Amino acid sequence: MKRVLVTGSAGFIGANLVMRLFREMDGGVIVGLDNLNDYYDPSLKEYRLKELEKAKSEAIDYVFVKGSIADMELVDKLFAQYRFDVVVNLAAQAGVRYSIENPDVYIESNVIGFYNILEACRHYPVEHLVYASSSSVYGGNKKVPFSTEDRVDNPVSLYAATKKSNELMAHCYSKLYDIPTTGLRFFTVYGPAGRPDMAYFGFTDKLLAGKTIQIFNYGNCRRDFTYVDDIVEGVFRVMQKAPERKAGEDGLPVPPYKVYNIGGGQPENLLDFVQILQEELLAAGVLPQDYDFEAHRQLVPMQPGDVPTTYADASALERDFGFTPRITLREGLRKFARWYKEYYG
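Each chain has its residues counted from 1, following the order in which its sequence is written. With pLDDT at 70 or above as the cut-off, local features in this predicted model cover only qualifying residues; side-chain atom pairs require 80 or more to be listed or tallied, and sums for whole chains, interfaces and linings still use all residues. In computing side-chain values, all of the structure's heavy atoms are included and hydrogens and water are not.

Asks: Lay out the overall build of the protein chain in plain terms, naming residues and giving numbers.
Replies: Strands here mean DSSP runs of E at least two residues long; helices mean DSSP runs of H or I at least four residues long; both are numbered from the N terminus. The number of helices and strands found in the protein chain is eleven helices and 15 strands. Here the C-alpha atoms of the protein chain give a radius of gyration of 20 Å, agreeing with the 20 Å that 2.2 N^0.38 yields for 345 residues. Here's how the labels work: a residue is buried when its accessible area is under 20% of the maximum for its type, exposed when over 50%, partly exposed in between, all with a 1.4 Å probe on protein chains only. When burial is assessed residue by residue, the protein chain has 55% of its 345 residues classed as buried. Counting only carbon and sulfur atoms, one obtains 49% of the accessible surface of the protein chain, whose full area is about 15200 Å². Computation of the radius of gyration draws on C-alpha atoms, with the globule rule given as 2.2 Å multiplied by the number of residues to the power 0.38. Here the Shrake-Rupley method, with its probe set to 1.4 Å, supplies the accessible areas, and only the displayed protein chains count as covering residues.

Asks: Residue-level account of the pairing of strand 2 (residues 29-34), with values.
Replies: Within a regular strand, side chains alternate between the sheet's two faces. Across the six residues of strand 2, six count as buried, placing the element largely inside the fold. DSSP bridges decide pairing: two strands pair if at least two such bridges lie between them. Bridging between strand 1 (residues 3-7) and strand 2 involves five bridges; their strand directions are parallel. Within the sheet, the bridge partner assigned to Leu5 lies in strand 2 and is Val31. In this structure, strand 2 lies alongside strand 3 (residues 61-66), joined through six bridges in parallel fashion.

Asks: Lay out the pattern of salt bridges in plain terms, naming residues and giving numbers.
Replies: Put simply, a salt bridge is a Lys or Arg side-chain nitrogen that is within 4 Å of an Asp or Glu carboxyl oxygen. The final tally for this structure, using the stated rule, is 20 salt bridges. Residue Lys164 pairs with Glu167 through a salt bridge whose shortest N-O separation is 3.9 Å. With Lys164 and Glu167 both in helix 6 (residues 158-177), this residue pair falls three residues apart, about one helical turn. Taking relative accessible area as the criterion, Glu167 reaches 1% and is therefore assigned buried. Where salt bridges share partners, they join Arg20, Glu24, Glu233 and Arg237 into one cluster.

Asks: Before we move on, can you summarise the packing of aromatic side chains with the specific residues and values?
Replies: Each aromatic ring pair is specified by the distance between its two centres and by the angle formed by the two planes. A pair of Phe, Tyr and Trp rings is counted when the ring centres sit within 6.5 Å of each other, with Trp represented by its six-membered ring. The angle between the planes then sorts it: under 30 degrees is stacked, over 60 is edge-to-face, the rest tilted. For the coordinates displayed, the defined rule picks out 34 aromatic pairs. With a centroid separation of 5.2 Å and an interplanar angle of 85°, the aromatic rings of Phe22 and Tyr62 are classed as edge-to-face. Of this pair, Phe22 sits in helix 1 (residues 12-24) while Tyr62 sits in strand 3, placing them 40 residues apart in sequence. Pair check on accessibility: Phe22 and Tyr62 agree, each one buried. Residues Phe79 and Phe84 carry aromatic rings whose centres are separated by 5.2 Å and whose planes lie at 85° to one another, so their mutual orientation is edge-to-face. In terms of burial, Phe79 and Phe84 fall into one category: buried. Here the guanidinium or amino end of Arg20 rests over the ring plane of Phe236, the centre of that ring lying 4.6 Å away. Above the face of the Tyr40 ring, Lys45 is positioned so that its terminal group lies 4.6 Å from the ring centre. Think of it as a cone above the ring: NZ of Lys or CZ of Arg counts as a charge over the ring if it is within 6 Å of the ring centre and within 35 degrees of the ring normal.

Asks: Could you give me a rundown of the environment of Phe114, with the residues and numbers involved?
Replies: Tracing the backbone shows Phe114 in helix 5 (residues 103-123). Assessed through its relative accessible area of 1%, Phe114 is described here as buried. Sequence separation between Phe114 and Asp197 is 83 residues; the distance between their C-alpha atoms is 23 Å.

Asks: Give a detailed account of unusual backbone geometry, specifying residues and quantitative values.
Replies: In the segment running from Val144 into Pro145, the intervening peptide bond is cis, with an omega of -5°. Here Pro145 is to be found in the loop between strand 5 (128-134) and helix 6. Within the chain, Leu36 stands out as a residue other than glycine whose phi angle is a positive 50°. Among the structural elements, Leu36 can be located in the loop between strand 2 and helix 2 (42-55). Although it is not a glycine, Tyr218 sits at a positive phi angle of roughly 55°. Positionally, Tyr218 belongs in the loop between strand 8 (213-215) and strand 9 (222-223).

Asks: So what's going on with the pairing of strand 6 (residues 181-186)? Residues and values would help.
Replies: Burial analysis of strand 6 places six of its six residues in the buried class, the great majority of the element. In strand 6, alternate side chains face the same way, and those of Thr181, Gly183 and Arg185 on one face and Thr182, Leu184 and Phe186 on the other are all buried. As paired strands, strand 5 and strand 6 are joined by six bridges and run parallel to one another. Counted as the bridge partner of Ala132 is Leu184 from strand 6. Across six bridges, the pairing between strand 6 and strand 13 (residues 257-262) is parallel. Pairing of Phe186 across the sheet is with Ile262, part of strand 13.

Asks: Give me the lowdown on the side chain of His128, citing residues and values where you can.
Replies: Considering the arrangement of structural elements, one finds His128 in strand 5. In what follows, a contact means two residues having at least one pair of non-hydrogen atoms within 4.5 Å. In this structure His128 touches Asp85, Val86, Val87, Pro180, Thr181, Thr182, Val238, Met239, Lys241, Ala242 and Pro243, once residues within four positions along its chain are discounted.

Asks: Can you explain the environment of Ser9? Please cite residues and give values.
Replies: Position of Ser9 relative to the elements: it lies in the loop between strand 1 and helix 1. Given the relative accessible area of 0%, Ser9 is considered buried. Sequence spacing of Ser9 and Asp34 is 25 residues, and the spatial spacing of their C-alpha atoms is 5.7 Å. Filtering out sequence-adjacent residues up to four positions away, Ser9 remains in contact with Gly14, Ala15, Val18, Gly32, Leu33, Asp34, Leu52 and Phe64.

Laid out in structure tokens, this is it:
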């Protein structure tokens, strides 16, 4: 890997991946692209970018570009200028509930933007395109754990539908243009400097403000939480091993196309998750020792677009890359609570 593009590089996973690349690469170019939109507090994105500026290596030519993958002219210009070897597309409009209120931004970023990336990979051939999919593609699937062999034809949110469309589009471009592509279905990513719209972060904000947190489906939800360092480890390993280009029996290319789950494989009940979060917030001094949690929590019904369980079968990732997520929920929430205390004082 000598020339790498990371889209969504000011985002939670993107910034952590660029930080990892600083440590691992001994030369070359890293281009980060992000539109710094205000889906959540942009100051958090600015914080991540400042951390990257502080950590960048002299051996690497690091360039940050403010812009959108939906801007085809910009995407084309970057590919023409840098001739990337590896592209990691993490830029996307995230969030399930937000997609119910704001469908247009999902089409713009997750469909048109991804199409622009694919077209650029077609016209300026790359060794490997790695892109973020999501556990949400499993929709209302009842069979657990979720396997990449399962059918995923029943999305329950527009966000999920756009992520499934990314996988279909990537398969098409892999087949037609022999572009090696790997999709990664992330499962509930969390950690320091994460997304404030995620439950662990939003709950902390609300508890600190003395507000009531709502626990959906009366607490009968299970989530396969995956710490951000485990996600980055998986992405980093996948980047270096593109699906093999080969011809089929008909002489035509077999699509160099793969999809993997990256998840902890340990689904946690929401009530247990809240209990661990509370304990770690007390230990980190984010909340006072006498905080009355019972007075600040409410069990409520399921929300539209939500699913009761996410649970990854990540055995294929372990088989092909020798890696499975290792960081426990308590360990990860402890790191988040300590970061929160330091960041917000």
